[in-house]
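Chain by chain, the residues run as shown.
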Amino acid sequence: MPNSRRPKIGVFDSGVGGLTVLQALIGQVPDADYLYFGDTARLPYGSKSAATVAHYAVGAVRYLQDHGAELLVIACNTATALALPEIKAAAAVEVIGVIEPGADAAVAATRKRKVVVIGTDATISSHAYRQALEMRSVAVREKACPLFVPLVEEGWVEHPVTEQVAKIYLAEAFSDEAQDADVLVLGCTHYPLIKPLLRRVVPEHVAIVDSAESTAHDVARQLQIEPLSDTSKRRGVPGLKFFATDSADKFRRMGTRFLGLPVENVLHVDLKE
Ligand code: DGL
């Protein structure tokens, strides 16, 4: 039975990057109220320890739950990779992370059953993608690309420096036994913004996938809404409310670039340690 009630969905990320996941969610499930939490004062998560990330993420999802979230989406790859069990243990509602959906997207796209995953240092060191993909009988080469997050935040999405950095990272990623990998998984919220640049850098036969769309499919399925391949057919006006731990004004300005929609209604939140 399709769900007719308007759901309240909490989306958590370390900052503005998770707005790329929110964009996909809005495409699949526009008839919902979204509460988006960006922990901008404490990012980046990608260079932090698992214990610190778990502590921050649990505080943030409790906040979302206290504000009425009935379903939680962990849009941050690092938080999903390092802290999903802790987040699930602390939450009283269903929690969906981005790594399992990302692995599903990779499996759907690979013919050679050989993929390359790029992400933050913390995500790659956790080997969460490796585990998820090997369980699906797919061979994996993992490569940390820590310079991409600051470059994207700087707005250098089409900059020659970013292109040079991408060439170095991806030449290493697609070397030796990974030469014939046919899928590149963007295992970080920021990377979809440099997808056109990455497209030029990776070999032509490589499909580039990210977890945003397949996470949105999982959310639609969880809510018993039929997933759509053509999201232009879905109608509805989402409710959007944002919480940021650093400046609301900065979140508004940067967020608009990541979401592709005006980001208004931002509340500054001070989470006590
Ligand atoms: N949101 C993080 C991720 O997807 C990237 C930014 C950060 O390091 O906090 O891994």
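Above this text sits the structure in question.
How each quantity is defined
- Residues numbered from 1 in each chain as written.
- Predicted model: local features only at pLDDT ≥ 70, side-chain atom pairs only at ≥ 80, totals over all residues.
- Heavy atoms only, no water.
- Pairing = 2+ DSSP bridges.
- Helix = DSSP H or I, 4+ residues; strand = E, 2+ residues; numbered from the N terminus.
- Axes fitted to C-alpha atoms, helices over the stretch in contact; angles between N-to-C directions.
- Near = heavy atom within 4 Å.
- Polar contact = N/O pair within 3.5 Å; in protein donor to acceptor, adjacent residues only side chain to side chain.
- Areas by Shrake-Rupley, 256 points an atom, 1.4 Å probe, with all protein chains shown as cover.
- 1 Å grid on protein atoms, 1.4 Å probe; cavity = no way out; pocket = protein on both sides within 12 Å on 5 of 7 lines; lining within 4 Å.
- Sits in = over half its atoms within 2 Å of the grid points.
- Nonpolar A, V, L, I, M, F, W, Y, C, P; charged D, E, K, R; others polar.
- Buried < 20%, exposed > 50% of the residue type's maximum accessible area, 1.4 Å probe, protein only.

A. Highlighting the sheet that holds strand β9 (residues 239-244). Overall, parallel pairing links the 6 strands, which are arranged β4-β3-β1-β2-β9-β10 in an open sheet. Sheet topology places β4 (94-97) and β10 (266-268) at the edges, where each strand pairs with a single neighbour. Direction aside, neighbouring strands of the sheet carry axes that sit 20° apart on average. Relative to strand β3 (residues 71-74), strand β1 (residues 8-13) is paired through 4 bridges, and the arrangement is parallel. What sits directly across from F12, in β3, is I74.

B. Focus on the site of the ligand. The local shell around the ligand consists of D13, S14, P44, Y45, G46, C76, N77, T78, T120, C188, T189 and H190. Within the side chain of D13, a nitrogen or oxygen atom sits 2.9 Å from a nitrogen atom of the ligand. Take Y45: an N or O atom from its main chain is 2.7 Å from an oxygen atom of the ligand. Calculation on the ligand without its partners gives an accessible area of 290 Å², and the protein chains cover 99% of this total. Taking a 2 Å distance to the grid points as the criterion, the majority of the atoms of the ligand fall inside the second largest pocket. Residues that form the shell around the ligand fall into these classes: 4 nonpolar, 7 polar and 1 charged.

C. Broad picture of unusual backbone geometry. The step from L43 to P44 runs through a cis peptide bond, and the omega angle for that step is 0°. Examined against the element boundaries, P44 turns out to sit in the loop between β2 (33-38) and α2 (50-66). The backbone of R113 shows a phi angle near 55°, a positive value even though the residue is not glycine. Inspection of the secondary structure puts R113 in the loop between α4 (99-109) and β5 (114-119). Judged by its relative accessible area of 35%, R113 falls in the partly exposed class. The phi dihedral of Q224 falls on the positive side, at around 60°, and the residue is not glycine.

Remember, this is a structural readout, not a statement about activity or role.
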